[in-house]
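Geometric and topological summary
Letter by letter, the chains look like this.
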Amino acid sequence: MERHLTAPGVRIRGLTVVYNTPSGELPAVSGVDLTLAPGTITGVVGESGSGKSTLALSMLNAVQPPGRISAGSVEIDGLGDVVRLRGEELRRTRGRKVGYVFQAAQNSLNPLKTIGAQLLDLGRSHDVGDLRALVRDARELLGRMGMDGARVLDSRQHELSGGMRQRVGIMFALVLDARVVVLDEPTTALDMITQATILRIIREVHDERALTTLVITHDVGAVAEVADDLAVMYGGRVVEHGPVAEVLGAPEHPYTRGLIRAIPRLSGDLGLARALPGRPPTLGTLPAAGCVFRERCESSLDLCRTAEPVPAARAGRTVACHLPGPHAVPVKRKEYA
Amino acid sequence: MTRATANRAGALARRVAGHVARGLVMIWLVATISFVIIREIPGDPVLAMYESMLQKGMSPDQAERATAVLYGFLPKGSLWEQYTGYMGSLLHFDLGRSLSTPGVEVTSLIGSAASWTVLPVLAGTLLSFLLGVTMGVYAAVRRSGRLGDLLALSGSLLHGVPVYVIGLLLTAIFATLWPILPSGGPVDVEFTPGLNAGYLGSLVRHAVLPVVTYTLASYGGWILAMKSNVVTVLGDDFILAAELRGLRRGIVFRYLARNAILPLFTILALSIGMLFGGSIFIEEIFNYPGLGLLLVNSISSRDYALMGGTFLVITIGIVVANIVADLLYSVIDPRVRSGGTA
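None of these values were measured; they are calculated from a predicted model.

Conventions we followed
- Residues numbered from 1 in each chain as written.
- Chains lettered and ligands numbered in written order.
- Predicted model: local features only at pLDDT ≥ 70, side-chain atom pairs only at ≥ 80, totals over all residues.
- Heavy atoms only, no water.
- Pairing = 2+ DSSP bridges.
- Helix = DSSP H or I, 4+ residues; strand = E, 2+ residues; numbered from the N terminus.
- Contact = heavy atoms within 4.5 Å.
- Domains from an automatic or database assignment.
- Buried area = accessible area lost by both parts, 1.4 Å probe.
- Axes fitted to C-alpha atoms, helices over the stretch in contact; angles between N-to-C directions.
- Parallel < 35°, antiparallel > 145°, perpendicular 65-115°, else oblique.
- Left-handed = near helix turned anticlockwise from the far one by under 90°.
- Nonpolar A, V, L, I, M, F, W, Y, C, P; charged D, E, K, R; others polar.
- Buried < 20%, exposed > 50% of the residue type's maximum accessible area, 1.4 Å probe, protein only.
- Salt bridge = Lys/Arg side-chain N within 4 Å of Asp/Glu carboxyl O.
- Core = buried A, V, L, I, M, F, W, Y, C linked by side-chain atoms within 4.5 Å.

1. As for the sheet that holds strand β2 (residues 24-36) of chain A
Residues and elements named next belong to chain A. Strand order in the open sheet made by the four strands is β2-β1-β4-β5, with antiparallel pairing throughout. Of all the strands in the sheet, just β2 and β5 (80-81) have a single pairing partner and so form its edges. Pairing between strand β1 (residues 10-21) and strand β4 (residues 67-76): eight bridges, direction antiparallel. Its bridge partner lying in β4, R11 is registered against E75.

2. Quick look at the environment of I323 of chain B
Residue and element names in this part refer to chain B. Considering the arrangement of structural elements, one finds I323 in helix α13 (residues 304-332). Between the C-alpha atom of I323 and that of I267, which follows or precedes it by 56 residues, the distance is 12 Å. Dropping the residues within four chain positions of it, I323 is found in contact with H19 and V20.

3. Comments concerning the domain arrangement of chain B
Residues and elements named next belong to chain B. Looking at chain B, the domain boundaries give domain 1 (2-91) and domain 2 (114-333). On a C-alpha basis, the centroid separation for the pair domain 1 and domain 2 is 32 Å. Taken residue by residue, the interface counts 15 residues in domain 1 and 11 residues in domain 2. The junction of domain 1 with domain 2 conceals about 1,300 Å² of combined surface from both sides, 81% of it contributed by carbon and sulfur atoms. Per-residue buried area on domain 1 facing domain 2 is highest for H19, I27 and I38; these three make up 33% of the total on that side.

4. With respect to the packing of helix α5 (residues 106-141) of chain B against helix α6 (residues 146-160) of chain B
Residue and element names in this part refer to chain B. Contact pair α5 / α6: the axes reach a minimum separation of 8 Å and the direction vectors enclose 135°. Between α5 and α6, the angle falls in the class oblique. For the pair α5 and α6, the sense of crossing is left-handed. Two secondary-structure elements touch here, α5 through M135, Y138 and A139 and α6 through L147, G148, L151 and A152. Of the residues in the contact of α5 with α6, the class split is six nonpolar, one polar and no charged.

5. Some details on helix α10 (residues 254-261) of chain A
With eight of eight residues buried, α10 of chain A is to be regarded as a mostly interior element. For α10 of chain A, the set of buried residues is P254, Y255, T256, R257, G258, L259, I260 and R261 of chain A.

6. A word on the sheet that holds strand β11 (residues 312-314) of chain A
Hydrogen bonding along the main chain pairs the strands of a sheet, whether they run parallel or antiparallel. All names here are of chain A. Strands sit in the order β6-β7-β8-β3-β9-β10-β12-β11 across an open sheet of eight strands; the sheet is mixed. Sheet topology places β6 (98-101) and β11 at the edges, where each strand pairs with a single neighbour. Put simply, the sheet's adjacent strands are angled 20° from each other on average, direction ignored. Note that β11 and strand β12 (residues 317-319) share three bridges and pair antiparallel. Bridge pairing links A312 to V319 in β12. Relative to the sheet, helix α6 (residues 162-174) contacts β6 and β7 (180-184), its axis offset from that of β6 by approximately 170°.

7. Digging into the pattern of salt bridges
Inspection of the entire model under this criterion finds 25 salt bridges over all chains. When the shortest N-O distance is used, the salt bridge between D81 of chain A and R84 of chain A registers 3.4 Å. Look at R84 of chain A and you get exposed, because its relative accessible area is 65%. Salt bridges linked by common partners bring E88, R91, R92 and D127 of chain A together with R248 of chain B together as one network.

8. Overview of the nonpolar core
Core analysis: the biggest nonpolar cluster contains 58 residues, and I115, V168, M171 and V175 of chain A have the highest contact counts within it. Per element, the largest residue contribution to this core is eight residues, and it comes from helix α10 (residues 249-274) of chain B. Residue contacts for I115 of chain A: discarding those within four places in its chain leaves L109, V152, L153, S155, Q157, L160, V168, M171 and F172 of chain A.

9. A word on helix α3 (residues 115-125) of chain A
The buried fraction of α3 of chain A is high, at eight of 11 residues. Among the residues making up α3 of chain A, those that are buried are I115, G116, Q118, L119, D121, L122, G123 and S125 of chain A. Close packing links the buried residues of α3 of chain A with α2 (87-93), α4 (131-144), α5 (149-153) and α6 of chain A together with α10 of chain B. A positive phi of about 50° marks D127 of chain A, the residue just after α3 of chain A.

10. Points about the pairing of β2 of chain A
All names here are of chain A. Taken together, the nine bridges between β1 and β2 define a ladder with antiparallel strand orientation. Across the sheet, residue R11 finds its bridge partner in β2, namely T35. Between β1 and the antiparallel strand that follows it, β2, lie two residues.

Next comes the structure, spelled out in structure tokens:
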């Protein structure tokens, strides 16, 4: 199959997503700017409720009610602003232009139909002329991911393991040759070995097909393995964004530092892992003014209470923090030293 | 592949055999219980009949034979002898003779009542199922709109109103206030039974109110069940996943509907089994000579043979429906199909 090997770039500008709640419309994502360079894997990490899944859904203009995108744009090369797409145009973009691997892809399949039948549904929905070729591509993709393609296509969801279903989800996102792929928690609920396999597959397929990929996860370890760039989200904002080795090796934002410190190690003292103080903010508990992180921050200033820090270039990355940098002593962790 | 198919067929045959065996045990149990009830009921109707025959001047032999013909078992002898006699005649589909309609076999009474019950109740069940399921999907999809609310409300309301109230209301409206339909009876007497237009038309006209009553009475249950199933499936990840893959609306809707309707098929099969019990209220109100009315009459006239026979027919209907429901489920739900063998 002929493939033009230029990956599209993605530019998210001023993206704001609000959820309608009994106490009014509250933002889950506030004015996020994020650029995905063509051909890179960008990881997005953050605690639950940081807005990362909402950000992922925004990439397909698929924020579910009671939420809605209230401002901003998601500009994808060759597609234009996804936020403006409606109806049929939007449907055709989903799956065909932007692939999405669902959070908990274990449950992303119709339990009553074989994978093959669902593949044909996908092909017909996108007016694929040669369904045989589609099945062949699917089989090949599944084969590349270490499965017996013919058997998997003949199976139903309950006949596959969690890791197999996850790979089937990835196959569905790639089989129509989408160039932008969004993976929402692709390794959650999988064992370590399956996780490693899935991450390796994501990296391989990404390189081979010249994709632009966004990986949402709360697993900093997974992101370190697979991503080129890393965006750290907190309270609906991107607080730090830069090359993954630099962000993890010498975190600038106090939240990034706290997040890294909180990772328990497989080897070594479990007590070394220190949880972040306080609770992750919910839609209702976000501070109205100032820095959203200041209440849990170990070194917050007076300024943090009144003015919200603007993301600014610093140390080869973008950081949204009032603290003067580079003030931070790199966290001593063998893995990232 | 052929081997797998053969295995699957073998597994299915074993399933059916297992179900049939269990069903037969159930039927035998109910037959035994109804035998014991009739035999041990205070006042012993069988012995009373035997004694009244004697008082009428019959010889003991004659009285014994007459009672045996009525009840299908002998009044004399040990309980065990009577029981084996009763079971023996059951094996020949002999349910004895009716007391309240002297000399008529219970089987023929049940047979003629069944034809008045099965068709209207079946029509009502299927109609309410189709209507309730369609409206349930609509009510679920439009649950935040006014029409959706209204539909769900109609379901709760109709589900809450007793069937006899619906029946009486319909009679009052369509047979009294605005008399366009007959108020009762199965058919007008002036027509000769057979395949002529007048007779069939009369049949249909008389069936309208009972069928509509039955439909309205069970519609509420279907719409509420379907609505809650659809809402549950709508929240399932695979529906959102299908939308995010850009599947056509029609296909997503089929995914939704097929998954939501699945649990209702079991209830449908069971309620079709229940229809052999007839609907006592509906048949009473519309004077429809079905199984429900037959059962009520047999109880009020202490016609024990008829009672036992009717119970048995209802049991068989439910047992068969259970078997059908289970097999049907394994055909339409692949998870159950392989669950048995995998």
